[in-house]
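Residue-level structural notes
What follows is the residue order along each chain.
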Amino acid sequence: NAGVMQNPRHLVRRRGQEARLRCSPMKGHSHVYWYRQLPEEGLKFMVYLQKENIIDESGMPKERFSAEFPKEGPSILRIQQVVRGDSAAYFCASSPEGLRQGTQYFGPGTRLLVL
Amino acid sequence: SQKIEQNSEALNIQEGKTATLTCNYTNYSPAYLQWYRQDPGRGPVFLLLIRENEKEKRKERLKVTFDTTLKQSLFHITASQPADSATYLCALDPEYGNKLVFGAGTILRVKS
């Protein structure tokens, strides 16, 4: 049973470009969470999605960031017009039933570097 | 304001000793608290979950306590090994189901 998969593992972008981060949850999991981790800081929640729905995006910056989890295919975190401050590790996690019933399983992360 | 805090200084201990890590929180009333392990360049790995009505939880060499009066959780690794060296994160769910709030983590180094 494959774990949560994220790609790419490393992504380099120049300021102003777009970054697309992909997350395939564990088989049977329909809940996806995105977190961002800055150097020397803890993970910060960004967005929580279920298939085709955004449930909670309270941690997502209002501009330039968007997320989706289509009926088919991986969840995508999209960052438009990247700036140096977007450089961080972005982690995706999935769970089968939502947090009230259990925990979440993390992917290996995508490390974004903005030049 | 709401905070979740872990020791910012690294914990250095000798192999075989018990490591104790602390997680304190303020202005939260979590139904449960979780502990994760994170190795450099990797995602967090779930270790233990303890609910508000549980005082203690064990799993092999790991033990977690949860004191809702003190608003504190302690994480113990007994008979520590160099392979236990990692960053340990505590996390709580502040809103019953939508997200986890993480502490910044404590680095544990076990020396042989």
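Anything mentioned here points back to the structure above.
Everything numeric here is computed off the predicted structure, so don't read it as measured data. (Residues numbered from 1 in each chain as written. Chains lettered and ligands numbered in written order. Predicted model: local features only at pLDDT ≥ 70, side-chain atom pairs only at ≥ 80, totals over all residues. Heavy atoms only, no water.)

Section: the overall build of chain A
Helices and strands together make up the secondary structure of chain A, namely zero helices and eleven strands. Along chain A, helices and strands appear, N-terminal first, in the series β-β-β-β-β-β-β-β-β-β-β. Each of the three principal axes of chain A carries a C-alpha extent, and together these read 40 × 25 × 25 Å. Buried residues in chain A amount to 48% of all 115 residues. Long-range contacts, defined as pairs at least 24 residues apart, comprise 54% of the intrachain contacts of chain A with a sequence gap of at least 6. Looking at chain A as shown, the accessible area adds up to about 5900 Å², and 46% of this sits on carbon and sulfur atoms. Once the 17 positive and 11 negative side-chain charges of chain A are each reduced to a mean point, those two points are 6 Å apart. (Helix = DSSP H or I, 4+ residues; strand = E, 2+ residues; numbered from the N terminus. Buried < 20%, exposed > 50% of the residue type's maximum accessible area, 1.4 Å probe, protein only. Contact = heavy atoms within 4.5 Å. Areas by Shrake-Rupley, 256 points an atom, 1.4 Å probe, with all protein chains shown as cover. Lys, Arg positive; Asp, Glu negative; His and termini not counted. Charge placed at Lys NZ, Arg CZ, Asp CG, Glu CD.)

As for the packing of aromatic side chains
Taken as a whole and judged by the stated rule, the model has eleven aromatic pairs over all chains. When the centroid spacing of 6.0 Å and the interplanar angle of 75° are considered together, the rings of Phe106(A) and Phe102(B) count as edge-to-face. Highlighted residues: Phe106(A) in strand E10 (residues 105–106) and Phe102(B) in strand E10 (residues 101–102), drawn from two different chains. This pair shows no difference in class: Phe106(A) is buried, exactly as Phe102(B) is. By the ring-pair criterion, three or more aromatic residues cluster together here, those being Tyr35(A), Phe45(A), Phe106(A), Tyr36(B), Phe46(B) and Phe102(B). (Phe/Tyr/Trp six-rings, centres within 6.5 Å; stacked < 30°, edge-to-face > 60°.)

Describing the sheet that holds strand E7 (residues 62–67) of chain B
All names here are of chain B. Strand order across the open sheet formed by five strands is E1-E3-E8-E7-E6, with antiparallel pairing between neighbours. What marks the edges here is a single partner per strand, and that holds for strand E1 (3–6) and strand E6 (56–59). The average angle at which neighbouring strand axes cross in this sheet is 15°, direction not considered. Direction of pairing for E6 relative to E7: antiparallel, over a ladder of four bridges. Bridge assignment links Lys59 to a residue of E7, and that residue is Leu62. (Pairing = 2+ DSSP bridges. Axes fitted to C-alpha atoms, helices over the stretch in contact; angles between N-to-C directions.)

A word on the interface of chain B and chain A
In this assembly, 21 residues from chain B lie in contact with 21 residues from chain A. Carbon and sulfur atoms make up 52% of the surface buried where chain B meets chain A, a total of about 1600 Å² over both sides. Of all residues in chain B, Asn98(B), Lys99(B) and Phe102(B) bury the most surface against chain A, accounting for 29% of the area lost on that side. In this assembly, chain B and chain A are joined by zero salt bridges. One can count four residue pairs in polar contact (both at pLDDT 80 or more) joining chain B with chain A. Those elements giving two or more residues to the side of chain B that touches chain A turn out to be strand E4 (32–38) and strand E5 (45–51) of chain B. Residue contributions to the side of chain B that touches chain A peak at four residues, all from E4(B). In the side of chain B that touches chain A, the residues fall into nine nonpolar, seven polar and five charged. (Buried area = accessible area lost by both parts, 1.4 Å probe. Salt bridge = Lys/Arg side-chain N within 4 Å of Asp/Glu carboxyl O. Polar contact = N/O pair within 3.5 Å; in protein donor to acceptor, adjacent residues only side chain to side chain. Nonpolar A, V, L, I, M, F, W, Y, C, P; charged D, E, K, R; others polar.)

Describing the pairing of strand E11 (residues 110–114) of chain A
Residues in a regular strand project their side chains so that they alternate between the two faces of the sheet. Residues and elements named next belong to chain A. When you tally the buried positions in E11, you get four out of five residues, the bulk of the element. Two strands pair when backbone bridges link them, and strand E2 (residues 10–13) and E11 are joined in this way by four bridges, in the parallel orientation. Across the sheet, residue Leu11 finds its bridge partner in E11, namely Leu112. Here three bridges tie strand E9 (residues 88–95) to E11, and the two strands are oriented antiparallel to one another. Residue Ala88 lies in a different strand from E11, and its bridge partner there is Leu112.

What about the nonpolar core?
By size, the foremost hydrophobic cluster in this structure holds 24 residues, and its most contacted members are Leu33(B), Trp35(B), Phe75(B) and Tyr88(B). Counting only elements with at least two residues in this core, the list comes to strand E3 (19–26), E4, E5, E7, strand E8 (72–77), strand E9 (86–92) and strand E11 (106–111) of chain B. Other than its neighbours up to four places away in sequence, Phe75(B) contacts Ala19(B), Thr20(B), Leu21(B), Trp35(B), Leu47(B), Leu62(B), Lys63(B), Val64(B) and Tyr88(B). Ranked by size, the runner-up nonpolar core spans 23 residues in total, among them Val32(A), Phe69(A), Ala88(A) and Leu112(A). (Core = buried A, V, L, I, M, F, W, Y, C linked by side-chain atoms within 4.5 Å.)

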